[in-house]
Amino acid sequence: MAMLWKFMRVAKYSKTALSPKGKVRGIPSYSRHASSKSVPSDCAASTPCSNTLELLGKAYPQDDFSNVTEKILCKVGKNLHNRQHHPLWLLKEQVKEHFYKQYVGRRGTPLFSVYDALPPVVTVQQNFDSLLVPPNHPSRRKEENYYLNREYMLRAHTSAHQWDLIHAGLDAFLAVGDVYRRDTIDSTHYPVFHQMEGVRLFSCHELFSSLEDGEGLQLFEQGHRTAHKQECHTMEAVRLLEFNLKQVLTKLMTHLFGDGLQVRWVDCYFPFTHPSFEMEINFRGEWMEVLGCGVMEQQLVNSGTA
């Protein structure tokens, strides 16, 4: 079983069935705890010929889906979240420090690993299909995303890397990166912003070991999907995971914003979690959304751990 949360947006925040934990079967080729070097030129892209786009050292044939503008391409590769002392870097480091101190494995090492150098160019399959986003979902539209062509795009969320990281055998990680959406620029929106998200998978023992009679509880059942749980999860497992999830995120927000923070939870919908929630904090007398989270769809977890 797994829980997922997603937070951190500059200007404005725009997110299992329980499976046994798997051992790490290999770390992906991108760097872990890496600080990516910024691209030295003003723009990381070029167009050597009219029907080909070169971005971050790779060439992408253009087609009827290609809609990335030069201004957006020049933002790719800046990696502001990895520039030492940049506000985004400072915030990322605060979150990392909190998780490193609060969540420690049996050997005294950090439970969560951090990935902050993941490539911003992903496939449509990574960005949508791997997250169970329906083919006709409005979030796939050209008007909402930056496509290099029909197969490749600039990631619209850090969740585009979820499946790959889970498939690599990771069961607790944070992913950080720049993301791209075709938002109209105003006081709370910009087409390039940053996200950080976390995922943790639980085994039956990990979830129930702290309970007095936890040995008799199960993660799975053959039931029915309701507004509160997936068909394959027991209500006991979902309630405990929801409690754990909200406790983890409340502690994090208190660490970032200080004691006395007013928090409220709102039920919502995401294609890749159920149940799903948004956290809002009271800021200057108004409720402001800061993150989305939920219990990851078991189908997604199963496909990633197969």
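Residues numbered from 1 in each chain as written. Predicted model: local features only at pLDDT ≥ 70, side-chain atom pairs only at ≥ 80, totals over all residues. Heavy atoms only, no water.

As recorded by an unreviewed UniProt entry, the protein chain carries the name SYFM protein and is attributed to Bucco capensis.

1. A word on the overall build of the protein chain
To be explicit about the condition: In DSSP terms, a helix is any run of H or I states spanning at least four residues, a strand is any run of E spanning at least two, and both are numbered starting from the N terminus. We get accessible surface area from the Shrake-Rupley algorithm with a probe of 1.4 Å; when it comes to residues, only the shown protein chains can shield them.
The number of helices and strands found in the protein chain is seven helices and twelve strands. Of the roughly 15,200 Å² of accessible surface on the protein chain, a fraction of 51% belongs to carbon and sulfur atoms.

2. Here's the deal with helix α6 (residues 235-257)
We apply this condition: One less than the number of residues in a helix, times 1.5 Å, gives the span that helix is expected to have. The buried label goes to any residue with under 20% of its type's maximum accessible area, the exposed label to any with over 50%, and the partly exposed label to all in between, with areas taken from a 1.4 Å probe on protein chains only. Here a residue-residue contact requires only that any non-hydrogen atoms of the pair lie within 4.5 Å.
Over its 23 residues, α6 extends 32 Å from the first C-alpha to the last, a length consistent with the 33 Å expected when each residue adds 1.5 Å. Within the span of α6, buried status applies to Ala237, Val238, Leu240, Leu241, Leu245, Lys246, Val248, Leu249, Leu252 and Met253. The inward-facing, buried residues of α6 abut β1 (2-7), α2 (87-102), α5 (204-208), β10 (263-270), β11 (273-283) and β12 (286-296). Just downstream of α6, Gly258 is the residue with a positive phi angle, here 105°.

3. As for the nonpolar core
Counted only if it meets this: Nonpolar cores were defined as sets of buried Ala, Val, Leu, Ile, Met, Phe, Trp, Tyr and Cys residues, with membership established by side-chain atoms within 4.5 Å.
The biggest cluster of nonpolar side chains holds 33 residues, and the ones touching the most others in it are Trp5, Phe99, Leu207 and Leu291. Where this core is concerned, the elements lending two or more residues are β1, α2, β8 (172-180), α5, α6, β11 and β12. The element best represented in this core is α6, accounting for nine residues. Membership of the second largest hydrophobic core comes to 25 residues, among which are Phe65, Leu131, Phe173 and Val301.

4. Quick look at the side chain of Asn149
Keep this limit in mind: Any pair of N or O atoms that falls within 3.5 Å is considered a polar contact. Within protein, one atom must be able to donate a hydrogen and the other to accept it, and sequence-neighbouring residues count only if both atoms are side-chain atoms.
Note that Asn149 resides in the loop between α3 (124-127) and β7 (152-154). When its relative accessible area of 5% is taken as the criterion, Asn149 is described as buried. Here Pro61 takes part through its backbone oxygen, which lies 2.8 Å from a polar atom of the side chain of Asn149. In terms of polar contacts, Asn149 uses its side chain to reach the backbone amide nitrogen of Tyr152, at 2.8 Å. Excluding its chain neighbours within four sequence positions, the residues that come into contact with Asn149 are Tyr60, Pro61, Asp63, Phe65 and Ser66.

5. Points about the packing of α2 against α6
Here is the rule we go by: Helix axes are fitted to C-alpha atoms over the stretch in contact, other axes to C-alpha atoms as well, and angles between N-to-C directions run from 0 to 180 degrees. The cut-offs work like this: below 35 degrees is roughly parallel, past 145 is roughly antiparallel, 65 to 115 is roughly perpendicular, and the gaps in between are oblique. Two helices that cross are described as forming a left-handed crossing if the nearer one is turned anticlockwise from the farther one by less than a right angle, and a right-handed crossing if clockwise. Note on residue classes: Ala, Val, Leu, Ile, Met, Phe, Trp, Tyr, Cys and Pro are nonpolar, Asp, Glu, Lys and Arg are charged, and everything else, Gly too, is polar.
Viewed as axis vectors pointing N to C, α2 and α6 meet at an angle of 130°, and their least axial separation amounts to 11 Å. Relative to α6, the element α2 lies oblique. In the crossing of α2 with α6, the sense of the turn from one axis to the other is right-handed. Between α2 and α6, the contacting residues are Leu91, Gln94, Val95, His98, Phe99 and Gln102 on the first element and Val248, Lys251, Leu252, His255 and Leu256 on the second. When grouped by side-chain class, the residues that make up the contact of α2 with α6 number six nonpolar, four polar and one charged.

6. Some remarks on the sheet that holds β10
Two orientations exist for strands paired in a sheet by backbone hydrogen bonds: parallel and antiparallel. Let me state the cut-off plainly: Only strands that DSSP links by at least two bridges are regarded as paired with each other.
Read across the sheet, seven strands follow the order β5-β8-β9-β1-β12-β11-β10 without closing on themselves; strand pairing throughout is mixed. Sheet topology places β5 (113-115) and β10 at the edges, where each strand pairs with a single neighbour. On average, each strand axis in the sheet is tilted by 25° relative to the strand beside it, whichever way the strands run. Of the strand pairs in this sheet, β1 and strand β9 (residues 192-201) are connected by six bridges, and their pairing is antiparallel. Each bridged residue has a counterpart across the sheet, and for Lys6 the counterpart in β9 is Glu197. Packing of α6 onto the sheet brings it into contact with β1, β10, β11 and β12, and relative to β1 it is tilted by some 30°.

7. Things to note about the pattern of salt bridges
Counted only if it meets this: Any carboxyl oxygen of Asp or Glu within 4 Å of a side-chain nitrogen of Lys or Arg constitutes a salt bridge here.
Counted by the stated rule, this structure contains 14 salt bridges. A salt bridge links Asp116 to Lys92, with the nearest nitrogen and oxygen atoms 2.8 Å apart. Of this pair, Asp116 sits in the loop between β5 and β6 (121-123) while Lys92 sits in helix α2; the two residues are 24 residues apart in sequence, bridging distant segments of the chain. One exposure class covers both Asp116 and Lys92, and it is buried. Residue Glu280 pairs with Arg264 through a salt bridge whose shortest N-O separation is 2.6 Å. Placement of the pair is Glu280 in strand β11 and Arg264 in strand β10, with a sequence separation of 16 residues. Where salt bridges share partners, they join Lys92, Glu93, Lys96 and Asp116 into one cluster.

8. Structural notes on unusual backbone geometry
Keep in mind that most residues, glycine aside, have a negative phi and that most peptide bonds are trans. For the peptide bond that leads from His274 to Pro275, omega is 0°, which places it in the cis range. Within the fold, Pro275 resides in strand β11. Phi angles above zero are rare outside glycine, and Arg284 is one such case at about 55°. Within the secondary structure, Arg284 is located in the loop between β11 and β12. Look at Arg284 and you get exposed, because its relative accessible area is 78%.

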